[in-house]
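What follows is each chain in one-letter form.
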Protein chains: 2
Amino acid sequence: MGQLTGGDPSLLRRINSAVVLHALRATDCATLTEITRVTGLSRPTVEGVVEGLIEAGLVVETAADEGGARRQGRPARRFRFRAEAGHLLGLEIGPHRVAALLSDLDGRVLGAQAKDVGAGAPADERLDRLRGAVAELLRRAGVARGSLRAVGVGTPGIVEADGTVRLGTALPGWTGLRLGERLGRSFRCPVLVENDANAAVLAEHWKGAAAETDDVVFVLAGLSPGAGSLIGGRLHRGYGGAAGEIGALHLLGREATPEALLSTTDEPLHPLDEQAVAEVFALARDGDLRARAAVERFIQRLVHDVAALVLALDPELVVIGGWAAGLDGVLEPLRRELARYCLRPPRVALSLLGEAAVATGALRLALDHVEEKLFTVDGTLTRR
Amino acid sequence: MGQLTGGDPSLLRRINSAVVLHALRATDCATLTEITRVTGLSRPTVEGVVEGLIEAGLVVETAADEGGARRQGRPARRFRFRAEAGHLLGLEIGPHRVAALLSDLDGRVLGAQAKDVGAGAPADERLDRLRGAVAELLRRAGVARGSLRAVGVGTPGIVEADGTVRLGTALPGWTGLRLGERLGRSFRCPVLVENDANAAVLAEHWKGAAAETDDVVFVLAGLSPGAGSLIGGRLHRGYGGAAGEIGALHLLGREATPEALLSTTDEPLHPLDEQAVAEVFALARDGDLRARAAVERFIQRLVHDVAALVLALDPELVVIGGWAAGLDGVLEPLRRELARYCLRPPRVALSLLGEAAVATGALRLALDHVEEKLFTVDGTLTRR
């Protein structure tokens, strides 16, 4: 990148700071000469920018411990990005549990904490459990609350840009909840709320099964299935934030819900009773005919939902997560049926992150937010 | 826009040319003073750029016909964009007809020509009919072939970036056809091939039912249904160009094809026999019970396909086109059913362009290509 001249000096300073930070973050530590070479900035500019970043607490001079260099005269000063200058949280709020992940500014995970919560617990109780998990996590890690720079949250439902849950039938009291605002009271940093499947697809793209592709659909299989999509590496939320809410695709008939299909009696399962689901799958593996038929019906429904997504979006890859991720039996029928019904069948893979996908994606949201603030100038990422 | 200083002089000239062209195109004609004001460029820069554009044939000085100004001394010279400096074609290749639209560089339509072709006609015959239509259209409009700057083409099937039809079951001999290359031999300008539903959504966004929204799904209803989507104003083609190919969503059962659902006998209709379809609809309107049941089945299938798209993508608007656009009866059931099944039901509208949608969208493709060349510098549109 060439040096910029003229124009708004404060804008220039911000651009140059972002460029230097980016260069430092890509390496363990670097000398001023190395930064000058990598960034294309002048030596005096780099010196001024590094000085400012040290004052801001984002960069520190490392100990000159290279004995070899020392002997040859004054050693070159080396600098590194202070990933410990701030911290991030990734939170999951699900039907059965709440979970929290803590990381530094490089996204390196420093600790995790999860707590069970009843499927029928009201919103207040669910949020209390989450706050408890966060407090425990921060205490164990020895991280002050004031060090948090951003908090990401993944939860079922249609989430609006301001963090309000417009529609969330999976959790009691969730529809209409101003989740971002409620959680915001516990933190002095931005709180970013996202649909759970959307968070999960970010996670699989970051460090999971979708690391190699920018066009991926993540299916959060379960009794209330949903999906999150990346198109060209960007999250596709839809016009009203409802993209991927395939759980509503009951057009096969009112009765074709997972809980009805998976029932081995005349009564459907309870929509959130994953234990009952596990039992049906276990019975099927043991050869129980009614259970096998039920699993078969469920897989057909899943194939149908996934095929609808694939035909609409044409992704390179479909990642199956949620509790279905524990089922070895799902992948093969999915691949076979998608090959039958889709003009260009995508690759199909299981989630690599499993249970951690939603909280990890929420952490990625927080990291994205901080990176955007640190490394972005006027909306343009300086990533090269 | 402020004046740029320093840097690569030829890049600057191109930026300034694009800025001036853009300003001139937004108005009938303008004086150098007006261009200077609108663009923020200096007077000498504007003079130099306009001179260059006149040499390139893209700008012309208009006759100074304002008597009032003349009397007050030497009238200010006025300039205009020469939309007639080049021409564009939008072509449709369908199962039953081929069609061509001719426009100037502003996209103003100068003429149209269509020819019927048999549904079973081989590819060579279909292309010959199209070439015939184009030759007639150019002759009637008095436009030389060498004046064409770009040709857009809309056709059923999955189309690759190089204009090859990867899969096209609606037309005989279409799969594997190097359509872009074949048509390219007839023109000395770029030929851009696109899936017909993708072309149609561009058209409705340009001058049809979707002019007000950037998040729209166009459903080309018919015996071989397909869909095209804009996400944030950009065409979503999918990873392999197969996005929106909902015609393959036969998961309701192998027999749930439109031609089977719409049959009033035990035999399905011929997949491309739109005349037979029209008869079923006419019978239904006249109260024939079997025909009404068939239409009802067809609408249920259409609702299902559209719901799948809506749940996956969450568009603001769904536009229904293709031959179903002639059916007043489709909209109400669609709205009612989508409201039942979708968490955030989109608006539903009929195509405004009807039969002209695909060729109009193909013309828009050609216009986009030319605008990108005229008004883009290093990938950044200068539109403001």
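This text follows the structure it describes.
Residues numbered from 1 in each chain as written. Chains lettered and ligands numbered in written order. Predicted model: local features only at pLDDT ≥ 70, side-chain atom pairs only at ≥ 80, totals over all residues. Heavy atoms only, no water.

Participant: Would you explain the overall build of chain A in this entry?
Facilitator: A count of helical and extended segments in chain A gives 12 helices and 17 strands. Sequence-distant contacts in chain A: of pairs separated by 6 or more residues, those separated by 24 or more amount to 64%. Carbon and sulfur atoms form 50% of the exposed surface of chain A, whose accessible area is close to 16800 Å². (Helix = DSSP H or I, 4+ residues; strand = E, 2+ residues; numbered from the N terminus. Contact = heavy atoms within 4.5 Å. Areas by Shrake-Rupley, 256 points an atom, 1.4 Å probe, with all protein chains shown as cover.)

Participant: Any chance you could explain the relation of the copies chain A and chain B here in plain terms?
Facilitator: Applying a rotation about an axis and a shift along it to one chain copy brings it onto the other copy. With an axial shift of 0.0 Å and an RMSD of 0.1 Å, the rotation relating chain A to chain B amounts to 180°. Here the symmetry operator amounts to a two-fold rotation axis. Measuring from the rotation axis to each C-alpha of chain A, the shortest distance belongs to Ala-308 of chain A, at 2.7 Å. Of the residues that chain A buries at the interface, 100% are likewise interface residues in chain B, meaning the two copies contact each other through the same surface. (Least-squares fit on C-alpha atoms with pLDDT ≥ 70 in both.)

Participant: Can you help me understand the pattern of salt bridges in this one?
Facilitator: Oppositely charged side chains are able to pair whenever their charged atoms sit close together. Residue and element names in this part refer to chain B. Taken as a whole and judged by the stated rule, the model has 46 salt bridges over all chains. Here Arg-237 and Glu-194 are joined by a salt bridge, their closest N and O atoms 2.6 Å apart. Residue Arg-237 is found in the loop between β13 (234–235) and α8 (258–261), and its partner Glu-194 is found in strand β10 (residues 191–195); the two are separated by 43 residues along the sequence. According to the relative accessible area criterion, Arg-237 is partly exposed, its value standing at 38%. Judged by relative accessible area, which is 4%, Glu-194 ranks as buried. (Salt bridge = Lys/Arg side-chain N within 4 Å of Asp/Glu carboxyl O. Buried < 20%, exposed > 50% of the residue type's maximum accessible area, 1.4 Å probe, protein only.)

Participant: Sorry, what's going on with the pairing of strand β3 (residues 78–81) of chain B here?
Facilitator: Two faces make up the sheet, and in a regular strand the side chains alternate between them. Residue and element names in this part refer to chain B. Note that strand β1 (residues 30–31) and β3 share 2 bridges and pair antiparallel. Looking across to β3, one finds that Ala-30 is bridged to Phe-79. In this sheet, β3 lies alongside strand β2 (residues 59–61) in antiparallel orientation, the contact comprising 3 bridges. Residue pairing across strands places Glu-61 opposite Phe-79, the latter belonging to β3. (Pairing = 2+ DSSP bridges.)

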